[in-house]
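Residue-level structural notes
As a plain string of letters, each chain reads:
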Amino acid sequence: MDKTGACGASNRGSTPLEGITILMNLSTPIESLPRVGLSYQKRLKKLGIKTIRDLLYHFPHRYEDFSNIIPISQVKLNETCCIKVKILEIENIRTWKKRMILTQAIVKDKSGAIKVIWFNQPYLIKVLKSGDNLCLAGKITLGDKGLYLSNPAHEKISQTTSLIHTGRIVPVYPETEGLSSRWLRFILRPLLVEFKKKIREPLPGKVIRDSRILPIQRAIWQIHFPDSLTLAKKAQKRFSFEELFFISLFVLREKLKISKERAIPIPFHPQLIKNFVKSLPFKLTNAQKKSAWQILKDLEKPRPMNRLLEGDVGSGKTVVAVLAALNVIKQGFQVAFMAPTEILAKQHFQEISKLLKKFNLNIGLLTGKENRIFSKRATLRGVAFGDRKNKVIKISREKLLEKLKKEEIDLLIGTHALIQEKVRFGKLALVILDEQHRFGVEQRAKLATSNQQPASPAGGQATRIIPHLLSMTATPIPRTLALTIYGDLDLSLINELPKGRKKIVTKVIAPGNRKAAYNFIRSVVKKGRQVFVICPRIEPSDKEKIEKEISSWAEVRAVKEEYQKLSKIVFPDLKVGMLHGKMTTKEKEKIMKHFSAQTGRGKKIDILVSTSVIEVGIDVPNATVMMIEGAERFGLAQLHQFRGRVGRSKYQSFCFLFTDSPAKKTHQRLKALISSENGFELAEKDLGIRGPGDFFGQRQWGIPDLAMSALKDIFLVEKTRKAAKEILEEDPELKKYPLLRGRVEKFRERIHLE
Ligand code: ADP
Ligand code: MG
């Protein structure tokens, strides 16, 4: 009987799973694995591991180098060493000082003997017996009575199996409570032996040879149980390469697809654009002009534009998009403008209606229940803007859709409701997306069904017409990331802010200064300005409630609680409002209306407590303080976005960051925010501090961690892109590589094309 506890079982026969696994494949759920009981299944799922493949792809995040086995006579103080020994004696001792149990052993090899101490692992006495042959790895420490080996990893030496916890380079995995690296090694080793051969190589042989990366079967072994740290690195590199390669293939294929489609060429109308620019209450910045020019040039082509307009918060992307839309409309076509939230759609509707007041257009607004994209029964409301009388008229949804089809609406602004089944444009030529980056060719084609036109007389074939696409983002994307995940989009940059913007004073407020900050807020409100308070969540989760009781720094301010506190206790004399994603559209609209009503009698809300729904695009120039609770919970890019909600008027604006987290990294990040007001710079910094995985805060990109961290490596990014290009040139449909094609399709699903 094996006595080494759960993990020691790895010392059994060399392939303990033999026979059982014949019927299994990589997609077999972990439930079918022997020795993975119910509680372990739960823990594995916590790490997102559901199948054998997931388990094999749960890679170590670091390694311990225990490969150098030395005689006891050569151990050195404060150095990590690995020794092969026999136990002479072993016993548990209770310390009188700290009421701790020590397991103390004397071990020896041919060169000498040394004391070993384990702290608080009394069960070891049942597992390790005198006479056992062990391999131990740990640090040599100096005690009262000389040198000893402190808390080493232990592993019995057997004739039949190789060492996995000691005596080699040992993998250390991302763990969760009750799921140790030791257990993972014990499960993974036999699995690898059994399944290594079943893992098929998705990459073309040529790519592997040209890019000199490890083939899959060798790589999967070496990433878990490397023969050297160099090989471990090589294995990691292979998997990073693989992920980046799929992403590159995906975006390049999209690009290829688009380039083969047809679009309506829209001639540039110089006088119209001049008139529009003249009608603006400000002068366009050079960056705005340049971007507008790039867009107008794209629109003139018979191929669909696929452009990303990237510009920091407040850099004035909307007006550039509107300029392009106007040009399209005045040539007799329609434009769709999609915003990520209802609040924003409505705000765009109002602002854009104002901007285009003099141009005699019909502008519609169509929203559904927030983000209910596919529900056909979602109640949609339609509002059409009748220009001549400068009035907003409410009309029924049916009427609005009918008008859309009959081309009586020139510009339709809305949320995801725009891509519902029944929404059909008569003559759609341009789709504008705010803060959503991608929109598949198919979706674009679908919006414009009535556009099917006979193609060139020569061909005689009916070709579909794809609308041009302009996508906008305020998320500054580091270069490598943009090159990789947006490689299918052409990029326009607005890298300057309109003149005269005041610097926003940004400060981290220590918990002790909270009161002073509140007093400051009061004085700001008394002057007629308004304030945002951002909280990480709507309600405190159960876990947080518990945390809050047991630890003061884990205090998480949730919107509802904070609202209660601010409105009842801190500012009972001021008007405090609340906004979060679970409110109905009506409620949200009411709140936004009250908050954005101009100063004076119309203004009903002084302080708006909100979740991150406020994040993108909200424009209330009279708000001059942005206060962020639990700042450590947001990505730097997101914090920068919040900050961009203020500083939109002639008044001095402030951004206060509250955090109770003592973590050094948090403070390092928040400092970066204070010292820089440039979104692009911040993006690069955050990439350096946290790695790209965290960069986007809670946003899901569906990009695996490994690929994310590989994005720091511009050289690798460029190499994979080149390899992907070559494969596509040779075989655009990937017919020769069905496995590769499958993986690329999977990636498409993962990145959630709209
Ligand atoms: P974002 O790029 O974040 O979407 P917006 O388009 O909402 O920014 O513009 C922010 C504000 O700046 C708006 O009130 C807009 O009218 C104003 N604005 C845009 N361009 C200019 C400019 N060139 N000069 C001054 N103000 C401008
Ligand atoms: Mg915007």
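Report on the accompanying structure. Sequence order as written defines residue numbering, which begins from 1 separately in each chain. The order in which chains are written sets their letters, starting at A; the order in which ligands are written sets their numbers, starting at 1. Selection of residues for local features in this predicted model requires a pLDDT of at least 70, selection of side-chain atom pairs for listing and counting requires 80 or more, and totals for whole chains, interfaces and linings are taken over all residues. Hydrogens are left out, water is left out, and the side-chain values use all remaining heavy atoms of the structure.

**Focus on the nonpolar core**
Residue types Ala, Val, Leu, Ile, Met, Phe, Trp, Tyr and Cys, when buried and joined through side-chain atoms within 4.5 Å, form a set referred to as a nonpolar core. Throughout this description, buried means an accessible area under 20% of the type-specific maximum (1.4 Å probe, protein chains only), exposed means over 50%, and partly exposed covers the range between. Counting residues in hydrophobic clusters, the biggest one holds 74 residues, and the most contacted among them are Leu356, Ile628 and Leu639. In this description a helix means any DSSP run of H or I spanning at least four residues, a strand means any run of E spanning at least two, and both kinds are numbered starting from the N terminus. A per-element tally of this core places helix 11 (residues 317-329) first, with 10 residues. Boundary definitions for the domains trace back to an automatic or database domain assignment. Residues lining this core come from more than one domain, with at least three contributed by each of domain 4 (270-300 + 316-452 + 464-473) and domain 5 (505-676). In this structure, Leu639 is in contact with Ile628, Ala631, Phe634, Leu657, Arg669, Leu670 and Leu673, ignoring residues within four places of it in sequence. Counting 36 residues, the second largest nonpolar core, distinct from the first, contains Leu56, Trp183, Ile216 and Trp221. For this analysis, residues touch if any pair of their heavy atoms sits within 4.5 Å.

**Things to note about the site of ligand 1**
Neighbouring residues are identified by heavy atoms, a residue being near a molecule or strand if any of them is within 4 Å of it. The environment of ligand 1 is made up of 16 residues, and the closest members are Lys283, Gly314, Lys317, Thr318 and Arg501. One of the backbone nitrogen or oxygen atoms of Gly316 is found 3.1 Å away from an oxygen atom of ligand 1. Polar contacts here mean pairs of N or O atoms no more than 3.5 Å apart (in protein, one a potential hydrogen donor and the other a potential acceptor; neighbouring residues in sequence count only if both atoms are side-chain atoms). Within the side chain of Lys317, a nitrogen or oxygen atom sits 2.7 Å from an oxygen atom of ligand 1. Against a free-state accessible area of 560 Å², the protein chains account for coverage of 77% of ligand 1. A breakdown of the residues in the shell around ligand 1 according to their chemical character gives 4 nonpolar, 6 polar and 6 charged. Accessible surface is estimated by sampling points in the Shrake-Rupley manner with a 1.4 Å probe; for residues, cover comes only from the protein chains shown. When residues are sorted by character, Ala, Val, Leu, Ile, Met, Phe, Trp, Tyr, Cys and Pro go into the nonpolar class, Asp, Glu, Lys and Arg into the charged class, and all the rest, Gly among them, into the polar class.

**Details of the pairing of strand 2 (residues 80-94)**
By definition, two strands form a pair when at least two bridges between them are found by DSSP. Bridging between strand 2 and strand 5 (residues 133-143) involves 7 bridges; their strand directions are antiparallel. Looking at strand 5, one finds that Ile83 is bridged to Leu136. Sheet topology places strand 2 next to strand 3 (residues 101-109); 8 bridges connect them, and they run antiparallel. Looking at the pairing, Asn92 lines up with Thr103 of strand 3. Turn length for the strand 2-strand 3 hairpin, with the two strands adjacent in sequence and antiparallel, is 6 residues, and the turn residue Arg99 shows positive phi of about 50°.

**Observations concerning the sheet that holds strand 21 (residues 576-579)**
With respect to topology, 6 strands assemble into an open sheet ordered 19-24-23-20-22-21, the strand pairing being parallel. Edge positions in the open sheet fall to strand 19 (505-509) and strand 21, since each of these has one partner strand only. Taken over all neighbouring pairs, the strand axes of this sheet differ in orientation by 20° on average, direction set aside. As paired strands, strand 23 (residues 623-628) and strand 24 (residues 654-658) are joined by 4 bridges and run parallel to one another. What sits directly across from Met627, in strand 24, is Phe656. Axis definition: a line fit to C-alpha positions, over the contact stretch in the case of helices; interaxial angles, taken between N-to-C directions, run 0 to 180 degrees. Sheet strands in contact with helix 21 (residues 664-675) are strand 19 and strand 24, and its direction is about 160° off that of strand 19.

**Details of the pattern of salt bridges**
Just to be clear on terms, a salt bridge is a Lys or Arg side-chain nitrogen sitting within 4 Å of an Asp or Glu carboxyl oxygen. Tallying each qualifying case throughout the model produces 25 salt bridges. Linking Glu745 and Arg253 is a salt bridge whose minimum nitrogen-to-oxygen distance equals 3.5 Å. Taken together, the residues span a long stretch of sequence, with Glu745 in helix 26 (residues 738-750) and Arg253 in helix 8 (residues 229-259) at a distance of 492 residues. Each of Glu201, Arg238, Glu242 and Arg743 takes part in salt bridges that share partners, so that together they form one network.

**Looking at the sheet that holds strand 4 (residues 112-119)**
Spatially, 2-3-4-6-5 is the arrangement adopted by the 5 strands of the closed barrel, whose pairing is mixed. Between one strand axis and the next, the sheet turns through 50° on average, direction left out of account.

**So, a positive patch on the surface**
Residues enter a patch when their relative accessible area is above 30% and they make no salt bridge; the linking distance is 9 Å between like charges and 5 Å between nonpolar side chains (Val, Leu, Ile, Met, Phe, Trp, Tyr). Under the counting rule used here, the positive set is Lys and Arg, the negative set is Asp and Glu, and His together with the chain ends is not counted. For this purpose, a charge sits on NZ of Lys, CZ of Arg, CG of Asp or CD of Glu. On the surface, Lys394, Lys586, Lys590, Lys593 and Lys604 cluster together into a positively charged patch. Per-element tally for the positive patch: the top contributor is helix 19 (residues 585-596), with 3 residues. As for its placement among the helices and strands, Lys586 is situated in helix 19. Here Lys586 falls in the exposed class, since its relative accessible area comes to 70%.

**Focus: the packing of helix 20 (residues 636-643) against helix 21**
Two numbers describe how helix 20 lies on helix 21: the axes approach to 10 Å, and their chain directions differ by 40°. One way to sum up the angle between helix 20 and helix 21 is to call them oblique. Crossing angle aside, the handedness with which helix 20 passes helix 21 is right-handed. Contact residues: Leu636, Leu639, His640 and Arg643 in helix 20; Arg669, Leu670, Ala672 and Leu673 in helix 21. Looking at the contact of helix 20 with helix 21 residue by residue, the class counts come to 5 nonpolar, 1 polar and 2 charged. In these notes the angle categories are as follows: under 35 degrees is roughly parallel, over 145 is roughly antiparallel, 65 to 115 is roughly perpendicular, and the rest is oblique. Crossings are sorted by hand: turned counterclockwise from the far helix by less than a right angle, the near helix makes the crossing left-handed, and turned clockwise it makes it right-handed.

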